[in-house]
Amino acid sequence: MSADANGRGHVLPDLGPAAPLALPARAETVLPCGLTVVAIARRTAPLVELRLWVPMALVDVAAGALLAQTLFSGTGTRSATEIAVELQAAGGTLGGRADPDRWLVSGHCLASRLDRLLEVLADVLGDAAYPEYAVSVERGRLADRVRVALSQPSHLARAELLKRLYGDHPYAVETPGPERVNAVTAEEVRTLHGRRMCPGGATLVLVGDLDPDDAVELVARRLDRWTGSCGDTRMPAAPPPSPGPLLLMDRPGAVQSSMRLALPAPVRDHPDNAPLQLANLIFGGYFCSRWMENLREDKGYSYGPSSVIDHSLGGSAVMLSANVATEVTAPALVETLYELGRIAALPPSPAEVERARRYAVGTLQVGMATQAGLAGLAGTLAGFGLRLDYLALHAERLASATVEDVHRVAVTYLGPGRAAGVVLGDIERIGRCIAAVTPVEIRQGSPI
């Protein structure tokens, strides 16, 4: 029901069926150097978005992060200032970042200046210099950011959960220690670039106002200098979340507790991924979810509990996070386990499934509506060896998922007995009550 300026009520019409997912024209090739190039036409603006995914599996996290931050700090023929001037002349930007799976170079330019942007990119990929002063400056900045992160309870809780989940797997360490960051040298970064910044296994995605075939040919001409082989760069499979006692980490005097839980999830292209996305939305994946309604709207325990399906190359997991006042930590945990048990024990209503379906399909379509959004989706999928056709298949699976399908995956993946968890808080005030709710492992001493 809505109202006009005079307060008269109107009944809102029902939503119509979701429009089918339309995939744009695209071209793809694998260059002799091993680089996969995907070009996608999206002529909504005279721009081109660029995403380059280079595998970073099994690379030291600190060195990998510094490589990403100093990649554009100069080459054998261009200074950092000259690179910035060239990019500005192309009406664009380029920047790098890293995570345990990949280096990601992203940016954009005017469609008419794509040739110039690719020329700069080729120079950087083939001849990055990593000057001592640039590495030193970025090393200091990264170490400072790490120290700040290690003072944040939310970061500490997530870091401890990752260690608990992954043990000696590379995913166990998402943030390097400041001591390790400060030990990375410019020579180490240069060596890492030569050893691992290779075209084999990498994927370049271009999206924008372009002819796909012409764009692929342009990349082939401009990136012919980028050579090298990295061998096997596959990320090893990560162990699924293993249930066990809830880890309680002590933060004496804390006014809030940070609660983090993880549950198993299928890999990105598994048929269960679509119905699990709907089940997760119903549980806690968007504002209209049961968990949000319970903890925020009804009880006032948490401002914004969140549940997301985290897909990585080595595996996937459902990650839950909530920050709650110290005095309601145990009650909030009870309600969380209750909601997980409820969605696993009882089928959701058809209305809940339909609302989640509309949200999921609508979000997917909105994400593909812009050049940057489509480039982000295509670049992410490319890292998993998937293409835009997967989005169409995923949309079909979302559309066809039944209440029974959603309940089946909830039973399979979301039952509270499958969860591994960490709570960071004042053990003296929360420990006894939480231990009455679930088995616990207590770690005394402040982690800060």
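Our subject is the structure listed above.
Residues numbered from 1 in each chain as written. Predicted model: local features only at pLDDT ≥ 70, side-chain atom pairs only at ≥ 80, totals over all residues. Heavy atoms only, no water.

## Things to note about the packing of aromatic side chains
To keep things clear, this is the line we draw: Only Phe, Tyr and Trp rings are paired, with Trp represented by its six-membered ring, and only when their centres lie within 6.5 Å; those with planes under 30 degrees apart are stacked, over 60 edge-to-face, the remainder tilted. Think of it in three bands: with a 1.4 Å probe and only protein chains considered, a residue is buried below 20% of the maximum accessible area for its type, exposed above 50%, and partly exposed in between. Put simply, a charge is over a ring when the Lys NZ or the Arg CZ is close to the ring centre, within 6 Å, and near the line of the ring normal, within 35 degrees.
A complete count under the given rule lists four aromatic pairs for this structure. Geometrically, the ring pair formed by Tyr-166 and Tyr-171 is edge-to-face, given 5.6 Å between the ring centres and 75° between the ring planes. Judged by relative accessible area, which is 12%, Tyr-166 ranks as buried. Classification of Tyr-171 as buried rests on a relative accessible area of 7%. Aromatic pair Phe-283 and Trp-291: ring centres 5.3 Å apart, planes at 20°, arrangement stacked. We note that Phe-283, like Trp-291, is buried. Seen from the ring of Phe-384, Arg-268 lies directly overhead, with NZ or CZ sitting 4.6 Å from the centre.

## Some words on the sheet that holds strand β4 (residues 36-41)
In a beta sheet, neighbouring strands pair by backbone hydrogen bonds and run either parallel or antiparallel. Inclusion rule: Think of it this way: DSSP has to see at least two bridges between two strands before they count as a pair. Each helix is a run of H or I in the DSSP string that is no shorter than four residues. Each strand is a run of E no shorter than two, and both are numbered from the N terminus. All axes here are fitted lines through C-alpha atoms, helices being fitted over the stretch that makes contact, and every angle between N-to-C directions spans 0 to 180 degrees.
Strand order in the open sheet formed by six strands is β3-β4-β8-β5-β7-β6, and the pairing between neighbours is mixed. Strand pairing shows two members of the sheet lacking a second neighbour, β3 (26-30) and β6 (93-99), which therefore form its edges. Sheet twist, expressed as the mean angle between neighbouring strand axes with direction ignored, is 15°. Bridging between strand β5 (residues 47-55) and strand β8 (residues 203-208) involves six bridges; their strand directions are antiparallel. When the bridges of β8 are listed, Trp-53 appears paired with Thr-203.

## Details of helix α15 (residues 403-413)
Note the following rule: By definition, the arc is the one covered by directions from the helix axis to the C-beta atoms. We call two residues in contact whenever any of their non-hydrogen atoms come within 4.5 Å of each other.
Burial in α15 covers these residues: Val-403, Val-406, His-407, Val-409, Ala-410 and Tyr-413. The buried residues of α15 occupy an angular sector of 165° when projected down its axis, which confines them to one face. Where α15 is buried, its residues contact β10 (256-265), α9 (273-285), α11 (329-345) and α12 (350-367).

## A short note on the nonpolar core
Note the cut-off: Working definition of a nonpolar core: buried Ala, Val, Leu, Ile, Met, Phe, Trp, Tyr and Cys residues. They are joined through side-chain atoms within 4.5 Å.
By size, the foremost hydrophobic cluster in this structure holds 56 residues, and its most contacted members are Leu-35, Leu-50, Leu-52, Trp-103 and Val-219. At eight residues, helix α3 (residues 114-127) tops the list of elements feeding residues into this core. Each residue touching Leu-50, except ones within four places of it in the same chain, is listed here: Leu-94, Val-105, Ser-106, Gly-107, Leu-117, Leu-118, Leu-121, Leu-204, Val-205 and Leu-206.

## Here's the deal with a negative patch on the surface
Keep this limit in mind: Nonpolar side chains (Val, Leu, Ile, Met, Phe, Trp, Tyr) are joined into patches within 5 Å and like charges within 9 Å, using only residues with over 30% relative accessible area and no salt bridge. Here the Shrake-Rupley method, with its probe set to 1.4 Å, supplies the accessible areas, and only the displayed protein chains count as covering residues. The salt bridge criterion pairs a side-chain nitrogen of Lys or Arg with a carboxyl oxygen of Asp or Glu, the two atoms within 4 Å. Residues scored as charged are limited to Lys and Arg (positive) and Asp and Glu (negative), so that His and the chain ends carry no count. To locate a charge, take atom NZ for lysine, CZ for arginine, CG for aspartate or CD for glutamate.
On the surface, Asp-211, Asp-213, Asp-214 and Glu-217 cluster together to form a negatively charged patch. When you line up the elements, Glu-217 lands in helix α8 (residues 212-222).

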